[in-house]
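# Commentary on secondary and tertiary structure
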Amino acid sequence: MSVDRVSATFVAAEKEITAETKREEGIGTAETEKVWEEKEKKQLRSGWKEYLEQAKELIVADGGPARWFSPLECGSRLVNSPLMLFLPGIDGVGLGLISHHQKLGRIFDLWCLHIPVADRTPFTDLVKLVEKTVRSEYQRSPNRPIYLVGESLGGCLALAVAARNPDIDLVLILANPATSFSRSQLQLVTPLLEALPGSLSPALPNILSLTAGDPLRLVLDSVVKGLPLQNTARELIEDFTTFASSLPVLADILPKETLMWKLKMLKSASAYAGSRLYAIKAQTLILCSGNDQLLPSQQEGERLIQLLHNCDIRKFNDSGHFLFLEGSIDLVTILKGTSYYRRGKYHDYVSDFVPPTPDEAKEVIESNSLINFVTSSVMLSTLEDGTIVKGLAGIPSEGPVLFVGYHMLLGLELVPLVSRIFMERNILVRGIAHPMMFMKRKNGRLPDISSFDTFRIMGAVPVAPSNLFKLLSSKSHVLLYPGGMREALHRKGEEYKLFWPEQSEFVRMAARFGAKIVPFGAVGEDDVGQVVVDYDDLVKVPYFKSEIESLTNEAKQLRTGSSGEVANQQVHMPGILPKVPGRFYYYFGKPIVTEGRKQELKDREKSQELYLEVKSEVENCIAYLKEKRESDPYRSILSRLLYQATHGLTSDIPTFEI
């Protein structure tokens, strides 16, 4: 990027720029999308290098004030994309998100704040500058949120603006905010700088070492991931060469006088923001590093989550201070996993959903590779003529499609099901999930919400009639378990027993949109473990009974108006005795067509008949699989390991004959 091109994107703070004047682009062809993805991956890998190269052009003294610029590689791709304002850290360059520009530019209107090296604007005036932009853009688009992404010093700036504007819909993304400055070792640097001569700060090499990463850890991580060590070594050498040649650039970014000014600003910014936390109402996501040697970021994150009203936290234990320049960090993926991306007043799990990129889906699937390997799932499907085939050819390609089936113990069947359909058919299955996977809580005994980030990346939505309506209307492939938690946390001896409501819940909704209903069965849970202590056993012990009641009250209650066992959805963890793993089997029945039956299925009796037909088909699928698996010579993991030892680890393992 040339100096002229970069300069052309700069805009003085006083000049009005509206989000409406930004370029709107439609989603491109498959080939275009692939090109974008390759560029995005390249950006993520070379963040620090790109930062240094482009910083050379931005730090040229021009006597101008702090100002906004929009990176040339960004362009608003989605209709009504929200505005994102990036507020830089101590460097002030405004390139902290350089690794993420292209990906962010697909879903945001991105502006970055540039603070020239020689600029001495006080912190309070920077607050007013950002505040002026926020108020101006909010008046133009009052129904869209404005994102403030603040890094270190920028985190204090974002908090200060939010405190002064509680009635504006702001979303704060704070990476290692410097509100902990008074408890950090950075405050000791100022007197040291004053005592030492020279233009190059002695602190810069240390700061650099904190961003470059641990070379040995990088090599080991690469080996574990199966990457060629030669490529890793080559990349490390290139990185070190870049770092060494860029030391003069760092000296120009933070000369002694500028660094002293910024450290004094950090002190005032930390005090200013810290004293106004009580006034902040904005939705806030804190990203904190466990290996930040400049600030006690994880401790500060824990402190802030207790003080801010609407706050979430994500921890990155192996990361350093400059989080966004690390190749392993993808801000867009984080926003997807935390459900922090929205284009209106509230997050809509359907209209605001951004499908996972192939790399994101691959990473999620690989993170669950163990269960996929251990269970070595066999999948059968049914063609339109009723023929049962191995594989997933019988699953309809075009939506809307509603998968309805049995929920295994602990939902163990979910990962192989979603993974295989995505990998083999390139179909994203949107699961209807329990609300506790989306509940934000600061305390409590339920699993931390971050445990379910990958489910949200892959499109899971909270169970609600409105969400099912929206998914089917958008022609999605939807996964529904009528038995819900009651099936997934069943008692001893209840394997493969359906606990469905007595009355139809989904038939008329499916018919309204002409959805194809695909009944399916899944078996194999009894080959990996056996329930030995269930709910009935646990409630006999006063301590466990009290714990179960607390957990159940903490989680959102479902089917409170239902009768029978399906309404008995206590949250608990049964005692399970592991077994030598067997194999999972899935059988997708013949799709049931509802198109053209909307009027017919408005009749409650007709709707109930189809509901019972679907339930019967699921039971038949389970019975078929339980019978056929008895003839599978590779049902045991031991026989499968022996087969792979002789035929190769990547070979397809046979199963029973259909």
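Preceding block: the structure.
These notes cover the structure that comes with them.

The rules behind each value
- Residues numbered from 1 in each chain as written.
- Predicted model: local features only at pLDDT ≥ 70, side-chain atom pairs only at ≥ 80, totals over all residues.
- Heavy atoms only, no water.
- Phe/Tyr/Trp six-rings, centres within 6.5 Å; stacked < 30°, edge-to-face > 60°.
- Helix = DSSP H or I, 4+ residues; strand = E, 2+ residues; numbered from the N terminus.
- Buried < 20%, exposed > 50% of the residue type's maximum accessible area, 1.4 Å probe, protein only.
- Lys NZ or Arg CZ within 6 Å of the ring centre and 35° of its normal.
- Expected span 1.5 Å × (residues − 1).
- Contact = heavy atoms within 4.5 Å.
- Polar contact = N/O pair within 3.5 Å; in protein donor to acceptor, adjacent residues only side chain to side chain.
- Axes fitted to C-alpha atoms, helices over the stretch in contact; angles between N-to-C directions.
- Parallel < 35°, antiparallel > 145°, perpendicular 65-115°, else oblique.
- Nonpolar A, V, L, I, M, F, W, Y, C, P; charged D, E, K, R; others polar.
- Salt bridge = Lys/Arg side-chain N within 4 Å of Asp/Glu carboxyl O.
- Patch = residues over 30% accessible without salt bridge, like charges linked within 9 Å, V, L, I, M, F, W, Y side chains within 5 Å.
- Areas by Shrake-Rupley, 256 points an atom, 1.4 Å probe, with all protein chains shown as cover.

## Looking at the packing of aromatic side chains
For any pair of aromatic rings, geometry is given as the distance between the ring centres together with the angle between the planes. A full pass over the atoms with the stated rule returns 18 aromatic pairs. Ring plane angle 75° and centroid distance 5.8 Å describe the contact between Phe-403 and Phe-588, whose orientation is recorded as edge-to-face. One end of the pair, Phe-403, is in strand E11 (residues 401-405); the other, Phe-588, is in strand E18 (residues 585-588), and 185 residues separate them in sequence. By relative accessible area, Phe-588 is classed as buried at 1%. Among the aromatic residues, ring-to-ring pairing joins Phe-403, Tyr-481, Phe-520 and Phe-588 into one connected group. Lying over the aromatic face of Phe-353, Arg-430 brings its terminal NZ or CZ to 3.8 Å of the ring centre. Stacked on the ring of Phe-499, the Lys or Arg Arg-486 has its end atom at 4.0 Å from the ring centre.

## Quick word on helix H24 (residues 604-628)
Spanning 25 residues, H24 covers 36 Å between terminal C-alpha atoms, matching the ideal 36 Å at 1.5 Å per step. The set of residues buried in H24 consists of Ser-607, Gln-608, Leu-610, Tyr-611, Val-614, Val-618, Cys-621, Ile-622, Leu-625 and Lys-628. For H24, the secondary structure elements touched by its buried residues are strand E9 (378-382), E11, helix H21 (507-512), strand E15 (516-523), E18 and strand E19 (592-593). Two to three positions downstream of the cap, the backbone nitrogen of Glu-605 sits 3.0 Å from a side-chain oxygen, assigning the N-cap of H24 to Asp-603.

## Some remarks on the packing of helix H5 (residues 123-140) against helix H12 (residues 256-274)
With their axes 9 Å apart at the nearest point, H5 and H12 run at an angle of 60° to one another. One element, H5, and the other, H12, form an angle in the oblique class. Only Met-265, Ser-268, Ala-269 and Tyr-272 of H12 make contact with H5, whose side of the interface consists of Phe-123, Thr-124 and Leu-126. Tallied by class, residues from the contact of H5 with H12 come to five nonpolar, two polar and no charged.

## Considering the pattern of salt bridges
All told, the structure shown has 23 salt bridges when counted by the stated rule. A salt bridge links Glu-360 to Lys-336; its shortest N-O distance comes to 2.6 Å. Taken together, the positions of Glu-360 in helix H15 (residues 358-367) and Lys-336 in helix H14 (residues 331-337) put the pair 24 residues apart, joining distant regions of the chain. With relative accessibility at 5%, the residue Glu-360 sits in the buried group. The class of Lys-336 is buried, set by a relative accessible area of 11%. Between Arg-629 and Asp-526 there is a salt bridge, with the nearest N and O atoms lying 2.8 Å from each other. Taken together, the residues Arg-629 in the loop between H24 and helix H25 (637-647) and Asp-526 in the loop between E15 and strand E16 (529-533) connect sequence positions 103 residues apart. No difference in accessibility class separates Arg-629 from Asp-526, as the two residues are buried.

## Considering a nonpolar patch on the surface
A contiguous nonpolar surface patch, about 380 Å² in accessible area, is contributed by Phe-373, Val-580, Leu-638 and Leu-641. Among the secondary structure elements, Leu-641 is positioned in helix H25.

## With respect to the environment of Val-60
For Val-60, the location among the structural elements is in the loop between helix H3 (47-58) and strand E2 (67-69). Placed 193 residues apart in sequence, Val-60 and Ile-253 show a C-alpha to C-alpha distance of 9.6 Å.

## Comments concerning the environment of Gly-301
Position of Gly-301 relative to the elements: it lies in helix H13 (residues 297-307). Through-space distance from the C-alpha of Gly-301 to that of Arg-314 is 8.7 Å; in sequence the pair is 13 residues apart. The residues contacting Gly-301, other than those within four sequence positions of it, are Ile-286 and Ile-313.

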